[in-house]
Amino acid sequence: MNWNQNKAENVHIAYIGGGSRGWAWGLMSDLASAEDMSGTVYLYDIDLKAAKNNEIIGNRIRDVEGAKSVWEYKAVETIGEALCGADFVVISILPGTFDEMESDVHTPEKYGIYQSVGDTSGPGGIIRAMRTIPMMEVIAKAVQEYCPNAWVINYTNPMTVCVRALYKTFPQIKAFGCCHEVFGTQKVLQEMLKNECGIEATRDEIKVNVVGVNHFTWLTKAQYRNTDLFPLYKAYAEKYRETGVPRAHEGNWVSSSDYFGCLEKVKFDLFLRYGAIAAAGDRHLAEFCPGDWYLKDPETVADWKFALTPVSWRKEDLKNRLARSQRLVSGEETFKINNTGEEGVNQMRALLGLGDLVTNVNLPNMGQIPNLPLEAVVETNAAFRADSVQPVMAGALPEAILPLVGRVAAEQEVIVSGCMNRDKEEVFRAFVSDPLVRLPLNEIRAMFEEMIEKTRSYLTEYERA
């Protein structure tokens, strides 16, 4: 990496999962928009053809309207080629295929358990962790060998246990996990200000204090300029607790065919129960709560105005993205540069000394949340400066929500330990205590074994242990 008049040049980014047809394209777009950085992105993927396609797509972006920087993309055959000398490592992988995720999400339905996402908590998130954590160990060891001083940015779910596994494998790793769910809640507060007060605020103007674990994060403070937003949010939640926020535009829940939007009813209900703002999408929040609250059955889900996202939809969407990849590779379609709203590139800029940043990330607990276990991965704000990420001391979790979040943090520690020990029975101890899993013990065991069997090809290490 070189410097030239406040610009970072020859920046080396290693992308693990470089054949991605989603996150990788978003990173390409955001990098092209960063006029004070340039360099090379090395794309490593177990699907080399997918990485080579992204090499072609990425190298055409420099000629696209709106490109402000020049990046070279190189697909490589080994993880060592990607990592050697890297300044940054981006991890964005799918642990298995959508066939495995189909079992994660839908096998529990046979036992009367419904999941809206199935990639972080609940039975699906736990089985996914069993596949993912061994992969994170391999990546952490490779970082230790080839680029021990690189900054590692993880986007892969289950976020918390992935970051924890990275640190337990290589304690000196400089890693953090990124998630945009808090951004979505800041946008809800923007919407509230506009609808209730006629105030047009930007997301950056909504200042929040973040506490919790990924996808079960909470805001204990929210402020617009010198105005405390909690009293207004309380009135807003009470106003729309029954109906949800009225919406009828793309990207928000308007029918059961919208698998990602919501009307914030779960978020409002949790606030009115506990007095803190639940800061993730309703689909994620619901999965951390007892199953009979929001996920008892599809009819209950519909009443709460969010959706169960079927893996069949994800498979169909993948077909569409594969088709788009071919159009981009052939030149039939031109890549368009759009700001994704993610902060990964801005985090890189800050770490390179190109401007300070405060944003929410997932890091080991060094006391930023004093009533959660030390070293467990937690989500709070952190200050990004030149070669430095320092968590903001967010304060203790409010007593009202400590039992909810503390249970999750403890369960995640058991999951990581069980997966790193390749101990199925240790993982089962976490599985049986999950709040979505409310069944007789023999049925829980049957479901666990069935889910293991359906994803066995990715869990062979547990058989040898």
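As the structure is a computational prediction, the values presented were derived from the model and not from experiment.

Trainee: Would you mind going over the environment of Met 130 with me for this structure?
Mentor: For Met 130, the location among the structural elements is in helix H5 (residues 122-146). A sequence separation of 12 residues divides Met 130 from Gly 118, and the C-alpha atoms of the two residues are 13 Å apart. In contact with Met 130, not counting residues within four places along its chain, are Cys 419, Lys 424, Val 427, Phe 448, Ile 452, Leu 459 and Tyr 462.

Trainee: Looking at this structure, I do not really get the side chain of Thr 380. What am I missing?
Mentor: Assignment of secondary structure puts Thr 380 in strand E13 (residues 377-385). With residues up to four places along the chain from it excluded, the contact list for Thr 380 reads Val 210, Thr 359, Asn 360, Val 361, Gln 368, Ile 369, Pro 391, Val 392 and Ala 394.

Trainee: Please explain the packing of helix H6 (residues 159-169) against helix H15 (residues 402-420) as it appears in this structure.
Mentor: The relative placement of two packed helices comes down to the angle between their axes together with the axis-to-axis distance. Two elements in contact, H6 and H15, have axes separated by 10 Å at closest approach and are oriented at 55°. Relative to H15, the element H6 lies oblique. Remark: the crossing between H6 and H15 carries right-handed chirality. Note on element contacts: H15 touches H6 through Gln 412, Glu 413, Ile 415, Val 416 and Met 420, opposite Thr 160, Val 161, Arg 164, Ala 165, Lys 168 and Thr 169.

Trainee: Mind showing me how you'd approach the nonpolar core here?
Mentor: For soluble globular proteins, nonpolar side chains are generally found buried alongside one another. In terms of nonpolar packing, the biggest core is built from 128 residues, with Val 89, Phe 176, Phe 216 and Trp 218 touching the most fellow members. Judged by nonpolar contacts, the second largest core, of 22 residues, contains Ala 201, Ile 206, Tyr 236 and Phe 271.

Trainee: How should the packing of H5 against H15 be read in this particular structure?
Mentor: One can describe the packing of H5 onto H15 by two numbers: an axis separation of 9 Å at closest approach and a directional angle of 55°. Here H5 is positioned oblique relative to H15, judged by the angle of their axes. The two elements H5 and H15 meet at a crossing, and its hand is right-handed. Where H5 approaches H15, its residues Ile 126, Ala 129, Met 130, Ile 133 and Glu 137 are matched on the opposing element by Glu 411, Ile 415, Val 416, Cys 419 and Met 420. Counted by class, the contact of H5 with H15 contains eight nonpolar, no polar and two charged residues.

Basis of the calculations
Residues numbered from 1 in each chain as written. Predicted model: local features only at pLDDT ≥ 70, side-chain atom pairs only at ≥ 80, totals over all residues. Heavy atoms only, no water. Helix = DSSP H or I, 4+ residues; strand = E, 2+ residues; numbered from the N terminus. Contact = heavy atoms within 4.5 Å. Axes fitted to C-alpha atoms, helices over the stretch in contact; angles between N-to-C directions. Parallel < 35°, antiparallel > 145°, perpendicular 65-115°, else oblique. Left-handed = near helix turned anticlockwise from the far one by under 90°. Core = buried A, V, L, I, M, F, W, Y, C linked by side-chain atoms within 4.5 Å. Buried < 20%, exposed > 50% of the residue type's maximum accessible area, 1.4 Å probe, protein only. Nonpolar A, V, L, I, M, F, W, Y, C, P; charged D, E, K, R; others polar.

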